[in-house]
Amino acid sequence: MSDHRTRFLDLALQAQALRFGEFTLKSGRVSPYFFNAGLFNSGAALSALAACYADALEQSGIGFDLLFGPAYKGIPLATALACEYARRGRDLPVAFNRKEAKAHGEGGRLIGAPLAGRRVLVVDDVITAGTAIREALGIIEGGGGTAAGIVIALDRQEIAGEGQSRSAAQAVAEEAGIPVIAVATLGDLLAFADGSDALADERERLQAYRVQYGVRDIQR
């Protein structure tokens, strides 16, 4: 497992953004783990998280020249990532959207750098149903930008619903024709648990969940 994946999972455990137990998801599934990026809630945690995102992006080789954070969790993630790139010597513009258009002041739904003519990278925490990401892609197109890809923290790698064979991340990637890059995946979490005495008791439940709900190409 590459270093940024290990660092991210360690960081998520320290921040309690990654927890184990029994969690009922919006889908109704009972998951043995839960991820909440909102618990990266300090400057140090966000900075370390942004470094993991940047390393994953550098490994992917994807090209982009603007960061877009969908409201709401994507906003601090995109901002932190921009700061990390600035620290590394690359000054990237940042934009994000409001949930509702503002009628006064500068107005509109977009805040930050203009999207027109830019290769835009969407920065978010996870893709569940894909609704927020699809909305973001529509905003980018409407603003004259070109979506270059999507980066998320954790890909759960599970089918989007009964009778389906693709995950929400796979569905969005195929529909939009752009890559979805994850800092870590459920497969990485399983490998991480293999090497951790503290998580030894969790691995069997994680594996059973993957067998039941995982996309077919990782059910092995």
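A quick note: this is a predicted structure, and the numbers were derived from the prediction, not measured. (Residues numbered from 1 in each chain as written. Predicted model: local features only at pLDDT ≥ 70, side-chain atom pairs only at ≥ 80, totals over all residues. Heavy atoms only, no water.)

Undergrad: Any details on helix H3 (residues 74-87)? Residues and values, ideally.
TA: Helical geometry: 3.6 residues make up each α-helical turn, so side chains three or four residues apart lie on a common side. Given a rise of 1.5 Å per residue, 14 residues ought to cover 20 Å, and the 20 Å separating the end C-alpha atoms of H3 matches this to within 8%. Taken as a whole, H3 has its buried residues at Gly74, Ile75, Leu77, Ala78, Ala80, Leu81, Ala82, Glu84 and Tyr85. Phi for Gly89, located one or two positions after H3, is positive at around 100°. (Helix = DSSP H or I, 4+ residues; strand = E, 2+ residues; numbered from the N terminus. Expected span 1.5 Å × (residues − 1). Buried < 20%, exposed > 50% of the residue type's maximum accessible area, 1.4 Å probe, protein only.)

Undergrad: I'd like a description of the pairing of strand E1 (residues 18-24), backed by residues and values.
TA: Side-chain direction in a regular strand flips from residue to residue, so the side chains alternate between the two faces of the sheet. Pairing geometry for E1 and strand E2 (residues 30-35), over five bridges, is antiparallel. Among the inter-strand pairings, Thr24 is bridged to a residue of E2, identified as Val30. (Pairing = 2+ DSSP bridges.)

Undergrad: Describe unusual backbone geometry, with residues and values.
TA: Residues other than glycine predominantly adopt negative phi, and peptide bonds predominantly adopt the trans conformation. The peptide bond linking Ala71 to Tyr72 adopts the cis configuration, its omega dihedral lying at 5°. Turning to its location among the elements, Tyr72 is positioned in the loop between strand E3 (66-69) and H3. Positioned with a positive phi, Gln16 is a non-glycine residue whose angle comes to about 60°. By secondary structure assignment, the location of Gln16 is in the loop between helix H1 (3-14) and E1. In this structure, Gln157 takes a positive phi of about 55° despite not being glycine. Locating Gln157 in the fold gives a position in the loop between strand E7 (146-155) and helix H5 (168-176).

Undergrad: Just give me the short version of the packing of aromatic side chains, but keep the residues and values in it.
TA: Inspection of every chain in the model, using the stated rule, returns seven aromatic pairs. Here Phe35 and Phe40 contribute two aromatic rings whose centre-to-centre distance is 6.2 Å and whose plane-to-plane angle is 55°, an arrangement assigned as tilted. For the pair Phe35 and Phe40, one class covers both residues: buried. The rings of Phe8, Phe35 and Phe40 are connected pair by pair, giving a single aromatic cluster. Over the ring of Tyr33 we find Arg156; its NZ or CZ atom is 4.2 Å from the centre of that ring. (Phe/Tyr/Trp six-rings, centres within 6.5 Å; stacked < 30°, edge-to-face > 60°. Lys NZ or Arg CZ within 6 Å of the ring centre and 35° of its normal.)

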